[in-house]
Amino acid sequence: MGANLAVQLLTYGRIQTTEPKARLARGVAEKAITLAKRNTLHARRQAVSLLRDKQITYRLFDTIGPAFADVNGGYTRVLKLGPRQGDAAPMVLLELTRDVAGIDADASQT
C-alpha cells in the first residue's frame with residue numbers, strides 16, 4: 001500500500017489520504033527520491049524494486065531527482081485537513097515540496 005501511495009504522489013505531486021497512510025507513503029517516496037538523486041544503475045534497480053512501476057521510475061530519475069538535487073531530505077510535506085466526515089479519520093494532504101515539471105498536477109486527486 002505504501003508503494004502504491006508513493007507512486008500516486010510521484011505521479012500527481014500531491015495526494016489526499018489519512019494520516020497513518022501518509023506517514024507510510026512519505027517514507028517510501030523520500031527513499032525513492034534519494035535513490036533518484038544518486039542516478040546509478042543500482043539505484044534505478046532499487047527504485048523499481050521499491051515502487052514496482054517502471055514508468056514512474058523513469059520519470060523519477062529524469063525529472064524529479066534532478067529537481068531535488070540540491071536538497072538534503074525533506075522532499076515532502078504533510079498538511080493537516082481535519083477529520084473526515086464519515087468516520088472522523090484524520091485527513092492530510094501529502095505533497096512534494098517543489099514544483100516539478102512533468103508531474104500531472106491538473107489531474108491531482110484533491
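For every chain, the first residue of its written sequence is number 1, and the numbers climb from 1 along that sequence. Selection of residues for local features in this predicted model requires a pLDDT of at least 70, selection of side-chain atom pairs for listing and counting requires 80 or more, and totals for whole chains, interfaces and linings are taken over all residues. Values reported for side chains reflect all heavy atoms of the structure, with hydrogen atoms and water molecules removed beforehand.

**As for the overall build of the protein chain**
- What the protein chain contains, in helices and strands, is four helices and three strands.
- Where helices and strands are cited, they refer to DSSP runs of H or I of at least four residues and of E of at least two residues respectively, numbered from the N terminus. Ordered by position from the N terminus, the helices and strands of the protein chain form the series α-β-α-α-α-β-β.
- On the principal axes, the C-alpha backbone points of the protein chain span a range of 45 × 25 × 25 Å.
- Every one of the 110 residues in the protein chain was classed for burial, and the buried ones make up 40%.
- Whether two residues are in contact is decided by their heavy atoms, any of which lying within 4.5 Å being enough. Residue pairs in contact within the protein chain that sit at least 24 positions apart in sequence constitute 58% of those at least 6 positions apart.
- Side chains of the protein chain give 16 positive and 10 negative charges; the mean places of these two sets differ by 8 Å. Type-normalised accessible area, obtained with a 1.4 Å probe on protein chains alone, sets the label of each residue: buried when under 20%, exposed when over 50%, and partly exposed for intermediate values. Counted as positive: Lys and Arg. Counted as negative: Asp and Glu. His and the chain ends are not counted at all. Just so you know, the charge point we use is NZ for Lys, CZ for Arg, CG for Asp and CD for Glu.

**Some thoughts on the packing of aromatic side chains**
- To pair, rings of Phe, Tyr and Trp, with the six-membered ring standing in for Trp, must have centres within 6.5 Å; the planes then decide the type, stacked if under 30 degrees apart, edge-to-face if over 60, and tilted in the middle. Scanning the model with the defined rule gives one aromatic pair in all.
- Each ring, one from F68 and one from Y75, has its centre 5.3 Å from the other, and the planes form 70°; the classification is edge-to-face.
- Given a relative accessible area of 0%, F68 falls into the buried group.
- The buried category is assigned to Y75, whose relative accessible area is 2%.

**Comments concerning the pairing of strand 3 (residues 90-96)**
- With six of seven residues buried, strand 3 lies mostly within the body of the structure.
- A pair of strands is labelled paired if DSSP reports no fewer than 2 bridges between them. Pairing analysis gives five bridges linking strand 1 (residues 14-18) to strand 3, with the strands arranged antiparallel. The residue bridging I15 from the neighbouring strand is L94, located in strand 3.
- In the sheet, strand 2 (residues 76-83) pairs with strand 3 via seven bridges, with the strands oriented antiparallel. Directly across from K80, in strand 3, lies its bridge partner V92.

**Overview of the side chain of T76**
- Mapped onto the fold, T76 is located in strand 2.
- Using a relative accessible area of 3% as the deciding quantity, one classes T76 as buried.
- Pairing of N or O atoms within 3.5 Å defines a polar contact, subject to two protein rules: one partner must be a possible hydrogen donor and the other a possible acceptor, and residues neighboring in sequence count only if both atoms are side-chain atoms. At 3.0 Å, the side chain of T76 forms a polar contact with the side chain of R26.
- A distance of 2.8 Å separates polar atoms of two side chains, one belonging to T76 and the other to E30.
- Residue contacts for T76: discarding those within four places in its chain leaves L9, R26, E30, L94, E95, L96 and T97.

**Digging into helix 3 (residues 41-51)**
- Every buried residue belonging to helix 3 is among A43, A47 and L51, and all of these are buried. Taken down its axis, helix 3 places every buried residue within 55° of arc, on the same side. Facing away from the buried side of helix 3 by more than 90 degrees, the exposed set consists of L41, H42, R45 and S49.
- Packed against the buried residues of helix 3 are helix 1 (2-12), helix 2 (19-38) and helix 4 (54-67).
- One or two steps after helix 3, the chain reaches R52, where phi turns positive at roughly 60°. The arc in question is the one spanned by the directions pointing from the helix axis to the C-beta atoms.

In short, shape yes, function no, at least from these values alone.
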